[in-house]
Structures are given as C-alpha cells and as structure tokens.
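Here's the letter readout for the chains.
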Amino acid sequence: MSEENKYWHILEEFEPIKDARLPNGREEVVSPVSRRNFLKVLGLGTASAALIASCTKKPVEKAIPYFIKPEEITPGKAAYYASSYFNQNEFCNVLVKVRDNRPIKLEPNPKSVITPNGTSGRVQASVLDVYNINRFQGPQKEGAPIDWESADNKIVEQLRELANAGRPIVLITPTIISPSTKKLIAEFAETFGAEWQQYDAIPMDGYREANKRVFGTDALPEYHFEKADCIVSVGCDFLGTWLSPVEFSAQYASRRDLHKENPDLHKHYQIEAGMSLTGSNADIRIRADRSEYGKILAYIYNSLATQKGFPAIASDIPAPAVAAELDNVVADLAASEGNSLVVCGDNNPDYQVIVNGINQALKNIGKTVGFERTYNHFRGTEKWKDTLLNAEPGAVIVWDANPVYNHPESDKIKAAIQKAPLSVAISSLPDETSELCHYVFPSPGYLECWDDAEYKKGVVSVMQPTLHKLFDSRQAQESLLKWMGNETAWREYIKSHWVSNYFQLQNEQTNTDRFWVEILRNGELTGKVEPTSVSFDETELGNAFRSIATEKPAQGFTIELTENINIGTGHGPLNPWLQECPDPVTRIAWDNYASIAPSTARELGIINGDIIRTGNLTIPAFVQPGQAAKTISIAVGYGRTAGVPQELVTGVNAYQLAKLDNGFRQFCADGFNIEKTGEHEDMALVQGHQSMEGRPIVREATLDEWKKDPAAGNEMHEKVEHHHTTLYKEHEYKGHKWGMAIDLNKCTGCSACVLACNTENNIPVVGKKEVKRAHEMHWIRIDRYYNGEEENPEVVRQPVMCQHCDNAPCENVCPVAATNHSSEGLNQMAYNRCIGTRYCNNNCPYKVRRFNWLDYTGSDAIPNNRYDPANLTLDLPRMRHNPDVTVRAKGVIEKCSFCVQRIQEKKLTAKSEGRPLQDGELQPACQQACPSDAIVFGDLNDPNSKVSQMMKDPRNYHLLEELHTLPSVGYLTKIRNKS
C-alpha cells in the first residue's frame, strides 16, 4: 500500500458520541433497574442479593418431554430439508435446518446448479418472517373473523354469479415461477372465465420487450459473468439487487480469485450515478448523471461500430468528461470480443435494445449471454392495471401483491379495488392492499408450504413444509382448488404434476414414489435443454436511437429510485434483522434517505441528516461520496405502515415518484429541486464508531504491481514480522488450531455473513435509537473505507470479527477470567462469569466485543428490565432461537466465537464415525452464507488446509499486526485491475 493513499470513512469528521451516550453527563436510565444501581445493591452483600431474589419471582417454565418420541425427531439433533426461497427478484435453493420441528437457519443447498454455495442476507433473515407476530391468524370478512367454510361458500357463489353475468374476474399475483401453480391457475381461469395478470413491484418488462424486438423471444437471457474478461455495467447493481445477485456474486468472485495458477483478473467498469454495491466493487468507476445513460450506451455502440467498420447511428454525445473515459471502455471491450459483457439496469426498452446491439457487435450472444436456460421471473407487465382500471371487474383477487403501496398510480388502483363487488386478498401479513379487500385469507409462510419452482428453464425445484402451520392459514393454491370443487390435496397435485412431466427426465429411479422421495431429498432436478440460437434484427437499433434522440435535456435534479439490498421492494421493513443491518455503501440502518453529491451539499449548505423537500417527499439528506452532481438517489421499499408495528415504521414511500412512459414503469424522473426545511434528524450511521487513526488497516495494489511482486501493497507485513518480539509465553496447540482467512478481492460487502451470524448466534435487535448510540450488537461488521477524491472515490471493504488473538489483550485485563484462551486457539467468553466491567472491550484494538447494555432478549431475572423495540422477546419469535447458543442476559460482553457450537458438533460427528475432520467440512455461519467464497475457515495446524495455504500467500496480512497480538484471522490484499 503506497504511503500517499489516504483512507477515510465519512466526509465530515465524526462527532464524539459521548454526549449521545450519556445525556447531561449521566447514564440514561432506560429501565427501573439500571446496571449501575443493580451493582450498587449487589455490593451490599449476600443479604441484599437474597432480598432482590425474593422480590423478583421468576416465572415457572415447564419442559414437556416426549413420552412417545416421533420417529423422525431426535431431540437435540437438527434435521435438514431441501427447499427454495423466492421473493419477487431473488431466488436461492436452500437447506432448512430444523430443531424440534422449528426451522431456525437456512443453508445453501450444495446440490443446486444455480446457487450451490452461499445465500443472500435476505435469504438468511427470512426465517424470522415465519415467527412474525403480526401475521394474520385466521380468515376475515370486513375485518371480522369468519370460518373457512362460510367464506368459501360465499365466494364460490359470487364467483359463479359474476361468471354467468359476464363480469370480469381478475387474479393479480406477482410473477409465478411454480409450474404446478401455473397449471392450477389455468384451470381456475377456465372454470370461472378469470383473467390472470402478473405484477412486479420493480418490473423488467422493458428488458423482455427489447429482447422480443431484437431477438424475437420474450425472455430474460442467462448471463455468464464468470466467462467475461471485461464487464461494463451501466447503472446495473448485479451484485446487489439485479435479476439473480446470489448467482452473479459467485460468478463474479470466481474471476477475482487471484493466485499463481490464476494470475489474471477480469476488468470491471461501472458507469453509474449513485454509488451502488456493484459500483463500489468495480476496478474503474465512472460517475455519470442518471439522465446520461441513453447517450452513454449510444456512444459505446457507435464507437464500436466505427472500430469494426459498420455504420454508426447519429446520436447525442454525453458530457465531455464522461465521453473521454468511455474511449478506454470501448478499447477494452473490443479487445475482449466474445468474452465481454455489457449490462444496463434501466427498464427502458430502447436502452436495452442498444445493450443487445453492443453485445451482438461484440459477439457475446451465445457466449456470455445465453438463451438456453432463460429466467422465468419478472413476467409482470402493466396490462394488469389496464384491466383493473378499464374493465370494471366484478371480482379482484390479489395474491401476495401490494400495488396500492408500490405503484405510482396507487390512488386509481385503490378506487378500482374498492369499487369491485368482490375483492379477496391472500396474504400472510396485512398490507396496504389487503386493508381494502372484503375478504382476507391468511397464507402460510414459504417454510410452511408445499410448492415448486422453475427459476430457470429446465431447472425445477421443490419446496416442502418444515413445520406445522402456526396459524389458521391456507395456501392460495388450496383456496383455488377448493373454489373449483377439486378435492385433491395440493401436495398430491404437485406430486402428480412432477410424475407426469419430470419423471421421464431422469434415469436413476424407475418407481414414481421413489422418484418423489429423492426429489424431496435433493430439492432440485435439472433437465436437458436444446442449444438455442437467436437472430438479430438490426432495424430495431435505428428505432431505439431515434427514440433516445427525442429525449429532452434533463431539467433540475434527476431522482433515481433504487432498491436497498436488505429492504428490497418492501418486505424488508417487516423484518427487524434486515432493518438493523446497515446498507453496505452508506452504512446507515433503519431508514431511507436522499443521497446527494458532496458538491451539491456544499452549494446548498446541507449536512448529513438535514431534512430536505424534493417534489412531494420530505426526507433526510445524506452526503454520498461518488454521487453524480445532478442526481438524487432514494431507495424504495420504505414508508410501509400497514402490518408494520409502530416501532418498525421507518422512512418514506418513494414509489410514488416512479413514472409510466409508453407503458413501461421507469424509476427515474427529472425536474426536481432541493429545498431545505430547516429540520434535522440524526441517522443510524454505524461507520465512524471505529476509526483507522491513520493506521494501514486495509491494503491494496494494482494487478500490474502484483505481477511484479506478489507482496505488492503488503510490504509492511515482512517488516513487522521481522521485528516481532514478545514477553508472552507462546501457546502450544497439540490438536487443532482454528483460523480464518478473508480474501478482500472476493468480498463484495453484501452482508450475507452479518445476517447469517445473527441467525446462528441469537444476536439481538437493539433498534434505531440504540444503533445511533453505537450500541449495535453484530458480532461481525463490514467496514467500508474510501480512498481518493470525494467526488468519485474508490471503495474497500473489510469484514471484521473477533480476531482470536494468541496474545489477546482482552484476556489479561478481565478481573474475573471471563475471557480466556482455549487449547484450540479460540478466545472464549464465559457469560456466567462476566460482570460487565468492559475492561476487555477497552483493551481490544479491533473493537469487536459487544456489551449488551440492556435486556434485549428477555433473559434477565429482574422484571420490567426489558428493552425490546421489535417485539422479538415474545414467545413466537423466540422460537427461532438456536438452542446450541446461549441467549445472553443484560450486562455481559459477547462476541464472535468462530461458531464454536459448530466446531464441537463436527468434531463429535467425526469422532463417532472414527475418522479425522476433513478440511472444509467445518464451516462457521459467515463462511457458509458467503456467496463469493471470500471467507475460509479451517485448521492452521494442518499444513495442507486451504486456510493454511492462504496464510502463506504473500498477500496475507493481519490487522494491526505491529501490535503483535498474533490474530488467527488473516486478510488477503485487494488487487484492482487498472491495466
């Protein structure tokens, strides 16, 4: 790392948080019994302690043993069930970990061909959705309870009357990727003459339209980022929220795995207005205003056309500063012909036509862009709205869709639903649309359901229930069967469909029952697909260029609506784990905000947290380095009120700023101004709680430098190792010595590891107020550092957890020996010993130890001492706790344990099977969830283990290694391809 590199967290100097922690110089009393008063009383002696015990009658908790144990359940032993997660724009094949009939954790299914390794943060957090206390608990009519039989009879009667009268019956769903459900809906539509329309909160119908125009196919192609030597992305967050981020993260990271056998990296250009997760990982990021995207794509196409000798098409040129940088982009694309990939994140079909033209000119079609296994999601169009508003339907059935919240014409939609004689909402949670419907039918969560999915053409997977239904709910498919008078059970319907359509695709099983059992065991079946070639219609390019030429110059500020990687399209606010996980770019939790450029902020006198008004939105401003000067970025998915507890209502609803253009929803619009309101709101910004203090915590180099010297950027490591001396007695590890290595080149900062750690280790939610006071409890954090000019800096990320030091500074200062060193190199915590002095926290240079200031879990014996902003200490959400990990009470230090419960489990398994542990067999939660394979864990005493090999890599270094704490966690320097 060169000495001239200056890394920084945030634009302004971080304000001391002492005053926020201790208002008026005193400890804030949140509960009747504060920690300080409790210790005072405790200091009076045993008699006082007995007095407290007598006054705090702890409720009796009864454990009921199995008198007759179910055959499939072994108490204390986990079972795993294959299933799939699908939520509008994200899919993942998973294994559901179940303890005593309770799903508690999701793991990637290694047999999947789409997502065999890793998940996303949203997948990890989804297990909490099952235990949401706000779920509908039974069917309702006009807000009052009703029994299923009465509701069914009345609905069937009305459906028949409407069908006989010729009144339209409209079924509105999100995109359905279940082949069995599609078959069932077709039967339902035929029975009642219903019209089925699919609706996506954030659509991709513009992409499908472009592919139909150019290639003659209404499909979303398969993208192969692992095959691309040069990637150019124009406003496309493919590592965070676009199309298939878990799949793309694995592909992308495979080309960032730098070692002697793989000495080359792909080159990634990101052209964007707002700093995205993908843009922050790019080798070269080009800042451009959102209104310039069409001109940029046209410029790239025409430059390639000129080089290749075919006609260019007249178009406007983007801003000179941007155009100058695009020449290098075009040169690298041309040099990677056939092995490059260009993508764009805009739903404008004209933009996508030009993207197709660029990939066609580069001969990428059939190589990095394939039409064999096309994606089956994002089938929604705007036709559903036209039907709803113009056909005056007699019945509207809305299934897991919420257009009243997330469509820009929500007022018209609301009026149309209210006007319909019959309206039915099928949903697990209240939402803005279900509030308007006559009937509400509660549906179970996906972990309580039978279903199937065909995410990609020819790749079918099954979903199976992992617990009994918690409430009086019913799957939507069961309702359709009931209304049609079909007595077939939904599970049998799916099985019959699989036997009829997929049994012949495999040769392993000859018995249909055995085939079904194996499908449930494996979770997925991959059929063969025929090679597909598409022809290119060049005439559509001219039409697209002419359309872009008619675009008027942007006026004022352009607002772009983005999707937050945690909150998504609007399900995230219902999940406190997702709310509390900070955004990977801004490091803000619990809110959305308007990101503005530093130059704009200086011009208007705006600082972080100032409330601004733009259009009809009033929202806090955040000064984001790398933001384009004339673009404001705002995340959708916030501002939910229906079905959301008051404590979880955050942010504002920005969907209303989307616009309809030629029948396609666009998520950007110009003509906005910024007006200061004079108000201010402190945001839950976690970056800045820790500071680098000028120390070389992150290290990086360029690919050219690495090829000359494999230790480039890491020169300090050898110097530090040379001067290491110590008074500590060296630890001797006769058995295992556990360690972890993290490749900063592969880590994208997606936060899957953070949320996997939450799930595995029962980490509490502290709420927005406590996060602002630097009291967040995450055992692993992902620090984000900027390097360079504030208008367009480079970004480096670094996951930081307990470093499990051999010379651990925390162990020397604990007066009660609560923190100690194990014989296998783990820094351990004995919670029962800890009295909360926090000496260890003060002495830890990495600031990875967490003190639970309040009773976030309901584990305290003292009553009225609970602080639970998200209602997670009630009986239902407590069911998601991992029984292998202690639930901590107030007043103790907690931290990363390298998932010691998993270590012990795998050791015992290997011992019982009479064999040694295999390298890679043991994975902590963070490693298992990481889609980019950036985290490696294993035995440092095994010289052949992957972690040992990574520790020997010249790129490896340790955090603050000059302190000689001898961490067991190593980091591999980040290498950028700037050649």
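The notes below deal with the structure included here. Being a predicted model, the structure only gives us computed values, none of them experimental. (Residues numbered from 1 in each chain as written. Predicted model: local features only at pLDDT ≥ 70, side-chain atom pairs only at ≥ 80, totals over all residues. Heavy atoms only, no water.)

### What about the overall build of the protein chain?
Here's step 1: Scanning the protein chain from terminus to terminus reveals 32 helices and 43 strands.
Here's step 2: Taking 2.2 N^0.38 as the reference for a compact globule, 979 residues should give roughly 30 Å; the C-alpha atoms of the protein chain span a radius of gyration of 29 Å, in line with that estimate.
Here's step 3: Each principal axis of the C-alpha atoms in the protein chain carries an extent, and together these give about 85 × 70 × 70 Å.
Here's step 4: Taken as a whole, the protein chain presents about 38900 Å² of accessible surface, with 49% of it coming from carbon and sulfur.
Here's step 5: Computed over 105 positive and 126 negative side-chain charges, the separation of the two mean positions in the protein chain equals 4 Å. (Helix = DSSP H or I, 4+ residues; strand = E, 2+ residues; numbered from the N terminus. Rg over C-alpha atoms; globule rule 2.2 N^0.38 Å. Areas by Shrake-Rupley, 256 points an atom, 1.4 Å probe, with all protein chains shown as cover. Lys, Arg positive; Asp, Glu negative; His and termini not counted. Charge placed at Lys NZ, Arg CZ, Asp CG, Glu CD.)

### Some thoughts on a negative patch on the surface
Here's step 1: Residues Asp-704, Glu-705, Asp-709 and Glu-715 make up a contiguous surface patch of negative charge.
Here's step 2: Relative to the assigned elements, Glu-715 resides in helix α24 (residues 715-722).
Here's step 3: For Glu-715, a relative accessible area of 38% puts it in the partly exposed group. (Patch = residues over 30% accessible without salt bridge, like charges linked within 9 Å, V, L, I, M, F, W, Y side chains within 5 Å. Salt bridge = Lys/Arg side-chain N within 4 Å of Asp/Glu carboxyl O. Buried < 20%, exposed > 50% of the residue type's maximum accessible area, 1.4 Å probe, protein only.)

### Remarks on the packing of helix α14 (residues 383-390) against helix α16 (residues 410-419)
Here's step 1: Following both chains from N to C, one finds α14 and α16 inclined at 50°, their axes separated by 9 Å at the closest point. Relative to α16, the element α14 lies oblique. Crossing hand, α14 versus α16: left-handed. Counted together, Trp-384, Leu-388 and Leu-389 of α14 and Lys-412, Ile-413, Ala-416 and Ile-417 of α16 form the full contact between these two elements. (Axes fitted to C-alpha atoms, helices over the stretch in contact; angles between N-to-C directions. Parallel < 35°, antiparallel > 145°, perpendicular 65-115°, else oblique. Left-handed = near helix turned anticlockwise from the far one by under 90°. Contact = heavy atoms within 4.5 Å.)

### Observations regarding the sheet that holds strand β3 (residues 91-99)
Two pairing modes exist for strands in a sheet, parallel and antiparallel, and in both the strands are linked by backbone hydrogen bonds.
Here's step 1: Spatial strand order, β2-β3-β4: three strands in an open sheet with antiparallel pairing. Two strands in the sheet have a free side with no partner beyond their single neighbour: β2 (79-86) and β4 (102-108). For this sheet, the mean angle separating the axes of adjacent strands, direction not counted, is 35°.
Here's step 2: Of the pairings in the sheet, the one linking β3 to β4 comprises six bridges and is antiparallel in character. Its bridge partner lying in β4, Val-94 is registered against Pro-108. (Pairing = 2+ DSSP bridges.)

### Quick look at the side chain of Arg-208
Here's step 1: As for its placement among the helices and strands, Arg-208 is situated in helix α8 (residues 205-215).
Here's step 2: Assessed through its relative accessible area of 4%, Arg-208 is described here as buried.
Here's step 3: In contact with Arg-208, not counting residues within four places along its chain, are Thr-217, Asp-218, Ala-219, Leu-220, Tyr-375, Asn-376, His-377, Phe-378 and Arg-379.

### Examining helix α17 (residues 476-484)
Here's step 1: The buried fraction of α17 is high, at seven of nine residues.
Here's step 2: Listing the buried residues of α17 in full gives Ala-476, Gln-477, Ser-479, Leu-480, Leu-481, Trp-483 and Met-484.
Here's step 3: Gly-485, located one to two residues past α17, shows a positive phi value of around 80°.

### Let's talk about the pattern of salt bridges
Here's step 1: Taken as a whole and judged by the stated rule, the model has 57 salt bridges.
Here's step 2: Here Arg-665 and Glu-382 are joined by a salt bridge, their closest N and O atoms 2.7 Å apart. With a gap of 283 residues between them, Arg-665 in strand β28 (residues 664-666) and Glu-382 in the loop between β14 (369-375) and α14 connect regions that are remote in the sequence.
Here's step 3: Between Lys-737 and Asp-806 there is a salt bridge, with the nearest N and O atoms lying 3.6 Å from each other. Taken together, the residues Lys-737 in the loop between α24 and β33 (738-743) and Asp-806 in the loop between β35 (794-800) and α27 (809-813) connect sequence positions 69 residues apart. Of the two residues, Lys-737 and Asp-806, both sit in the buried class.

### Observations regarding the pairing of strand β13 (residues 340-344)
Here's step 1: In terms of burial, β13 is largely enclosed, as five of its five residues are buried.
Here's step 2: Burial along β13 is two-sided: Ser-340, Val-342 and Cys-344 and Leu-341 and Val-343, pointing in opposite directions, are all buried.
Here's step 3: Note: strand β10 (residues 230-234) against β13, five bridges, orientation parallel. Note on β13: the bridge partner recorded for Ile-231 is Leu-341.

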